[in-house]
Amino acid sequence: MKRIIQGVGVLILLALIVVAGSVVRFDKSKEDLLPKYANEASQFIALPDGAVAHVRDQGNKAGPALVLIHGSNASLHTWEPWVQNLGTTYHVITMDMPGHGLTGAVPNDDYSRTGMVNFVHEVTQKLDLKRYAIGGNSMGGGVAAQYAETFPDEVAALVLVDAAGIPRKPQPDGKIPLAFRLAQMPVLNKILLYVTPRSMVAEGLHKVFVDQSKVTDEMVTRYYDLTLYDGNRRATGIRFRLPPDDGAVAEQLGAIKAPTLILWGDKDGLIPVEYAGEFAKRIPGSKVVIYPNVGHIPMEEVPEKSAADVAGFLGAAFGMEAAGVTPQPVETAPVHHDGKVEVMPLSPE
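A short tour of the structure in this document, coming up.

Basis of the calculations
- Residues numbered from 1 in each chain as written.
- Predicted model: local features only at pLDDT ≥ 70, side-chain atom pairs only at ≥ 80, totals over all residues.
- Heavy atoms only, no water.
- Helix = DSSP H or I, 4+ residues; strand = E, 2+ residues; numbered from the N terminus.
- Buried < 20%, exposed > 50% of the residue type's maximum accessible area, 1.4 Å probe, protein only.
- Contact = heavy atoms within 4.5 Å.
- Areas by Shrake-Rupley, 256 points an atom, 1.4 Å probe, with all protein chains shown as cover.
- Core = buried A, V, L, I, M, F, W, Y, C linked by side-chain atoms within 4.5 Å.
- Axes fitted to C-alpha atoms, helices over the stretch in contact; angles between N-to-C directions.
- Parallel < 35°, antiparallel > 145°, perpendicular 65-115°, else oblique.
- Left-handed = near helix turned anticlockwise from the far one by under 90°.
- Nonpolar A, V, L, I, M, F, W, Y, C, P; charged D, E, K, R; others polar.
- Polar contact = N/O pair within 3.5 Å; in protein donor to acceptor, adjacent residues only side chain to side chain.
- Phe/Tyr/Trp six-rings, centres within 6.5 Å; stacked < 30°, edge-to-face > 60°.
- Salt bridge = Lys/Arg side-chain N within 4 Å of Asp/Glu carboxyl O.

## Points about the overall build of the protein chain
Right, so step 1: For the protein chain, the count of helices and strands is 14 helices and 9 strands.
Right, so step 2: For the protein chain, the proportion of its 349 residues judged to be buried stands at 53%.
Right, so step 3: Relative to all contacts within the protein chain whose residues are 6 or more apart in sequence, the contacts with residues 24 or more apart total 74%.
Right, so step 4: Of the roughly 15600 Å² of accessible surface on the protein chain, a fraction of 58% belongs to carbon and sulfur atoms.

## So, the nonpolar core
Right, so step 1: The biggest cluster of nonpolar side chains holds 53 residues, and the ones touching the most others in it are V120 and W264.
Right, so step 2: Broken down by element, the residue count for this core peaks at 6 residues, all from helix 5 (residues 139–150).
Right, so step 3: In contact with W264, not counting residues within four places along its chain, are D162, A163, I271, P272, V273, Y275, A276, F279, V289, I290, Y291 and P298.

## Focus: helix 12 (residues 274–282)
Turn by turn, an α-helix covers 3.6 residues, leaving residues three or four places apart pointing in a common direction.
Right, so step 1: Buried within helix 12 we find Y275, A276, G277, F279 and A280.
Right, so step 2: Those residues of helix 12 that are buried lie in contact with strand 6 (155–163), strand 7 (260–265) and strand 8 (287–291).

## Description of the packing of helix 4 (residues 113–126) against helix 5
Right, so step 1: Taken N-terminus to C-terminus, the directions of helix 4 and helix 5 make an angle of 70°; their axes are 9 Å apart at the nearest point. Relative to helix 5, the element helix 4 lies roughly perpendicular. As helix 4 runs across helix 5, the sense of the crossing is right-handed. Of the residues in helix 5, those touching helix 4 at R113, T114, M116, V117, V120, H121 and T124 are M139, G142, V143, Q146, Y147 and T150.
Right, so step 2: Of the residues assigned to the contact of helix 4 with helix 5, the class counts are 6 nonpolar, 6 polar and 1 charged.

## Describing the packing of helix 8 (residues 198–208) against helix 9 (residues 217–227)
Right, so step 1: Put simply, helix 8 and helix 9 touch, their axes get as near as 9 Å, and they point 120° apart. One element, helix 8, and the other, helix 9, form an angle in the oblique class. Here helix 8 runs over helix 9; the crossing is right-handed. Seen from helix 8, the contacting residues are R198, V201, A202 and L205; seen from helix 9, they are D217, M219, V220, T221, Y223, Y224 and T227.
Right, so step 2: Class assignment for the residues of the contact of helix 8 with helix 9 results in 7 nonpolar, 2 polar and 2 charged.

## Let's talk about unusual backbone geometry
Right, so step 1: Even without glycine at this site, D128 takes up a positive phi of about 60°.
Right, so step 2: Structurally, D128 can be placed in the loop between helix 4 and strand 5 (132–138).
Right, so step 3: If you check the backbone angles, N293 has positive phi at about 55° while not being a glycine.
Right, so step 4: Position of N293 relative to the elements: it lies in the loop between strand 8 and helix 13 (298–301).
Right, so step 5: Looking at N293, the relative accessible area reads 49%, which means it is partly exposed.

## A short note on the side chain of N232
Right, so step 1: Its location among the elements puts N232 in helix 10 (residues 232–240).
Right, so step 2: Here the side chain of N232 touches L226 through a polar contact of 2.7 Å, landing on its backbone oxygen.
Right, so step 3: Ignoring anything within four residues of it in the chain, the contact list for N232 reads G99, H100, G101, G104, A105, L226 and T227.

## Let's talk about the packing of aromatic side chains
Right, so step 1: With the rule as written, the count across this model stands at 5 aromatic pairs.
Right, so step 2: For the ring pair W79 and W82, a centre distance of 5.1 Å and an interplane angle of 45° mean the geometry is tilted.
Right, so step 3: Using a relative accessible area of 0% as the deciding quantity, one classes W79 as buried.
Right, so step 4: Relative accessible area serves as the criterion here: at 1%, W82 is assigned to the buried category.
Right, so step 5: Centroid distance Y132 to Y147: 6.3 Å. Interplanar angle 55°. Geometry classified as tilted. In this pair, Y132 sits in strand 5 while Y147 sits in helix 5, placing the two residues 15 residues apart along the sequence.
Right, so step 6: Taken together through their ring pairs, the aromatic side chains of Y132, Y147 and F151 make up a single cluster.

## So, the pattern of salt bridges
Right, so step 1: Taken as a whole, this structure holds 15 salt bridges when the rule is applied.
Right, so step 2: The structure contains a network of salt bridges with shared partners spanning R113, R168, D245 and D246.

## What to know about the side chain of H121
Right, so step 1: Structurally, H121 is set in helix 4.
Right, so step 2: A polar contact is formed between the side chain of H121 and the side chain of E154, at a distance of 2.9 Å.
Right, so step 3: Excluding residues within four positions of it along the chain, H121 makes contact with Y132, Y147, F151 and E154.

The values reported here are purely geometric and, on their own, carry no functional implication.
Below, the structure written as structure tokens:
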């Protein structure tokens, strides 16, 4: 009987080892992922705080500069459709934020919004940018908004894409990706350091797109690989444990002087379209574009349309700046959901 019990115990142990081996995923190294996700435009820039930023400096280097900041658990790759559509005219700079992409974990473990603002500013200083537009999606939109509040003399224009930065009412769990919900739960978020199913990454991507054809195997693999990049899961856990700071950003939105474009998908389940109107109310003279049947990531779901709107907006904003014209605050236009571009005038007329 003793031998039978021991044998059963060994079988159970072996079964647990097999199960663990099938679900546990260890971090992937730089050697694993750089050949796949860096390219000829990639730079790895050492910053004063010891971080090494993965940056792509692309497009027309003689054109006006546009700095773009991705959202939570994404990477600079999310902006490649805009780089392709805007790069002929604009000098486009994208980067992997701390705890994301090939930048990975940073030495000071500062994954707060203010830390990310400082990180972006260090990159722009390293690239010797003096005056430029800045834009961001989701988490990156909140970073871009705070950046415009913090460095007004450097920001020529602001683009907010389904942006964070205003306190939000809780959303139904069914609309929030499982990975985001688990990352906020004590104990369970520790398990995510080792157990991160590819299916969970796929589920999150499917929830942020309306057009499901956009969620390709290649996209899921990229998001999954970069989630597993050395230190990124630990950094995500730290970031999701930070207290909300949208209120501090929202309080200062009225002080933003840069011309501002607000883009939003009307089917965004993560940050509902009503917040486009909230941003528009708070930022004087802002322009709003709502895309019908589009989710949380318009730059990937409707890249041509969204890039065209950005090109028109930046052309006017940089053109006015070159002419020495200062936009005057005007009453905010109502937000429409029929796909038409409802804009506030950039000129004082």
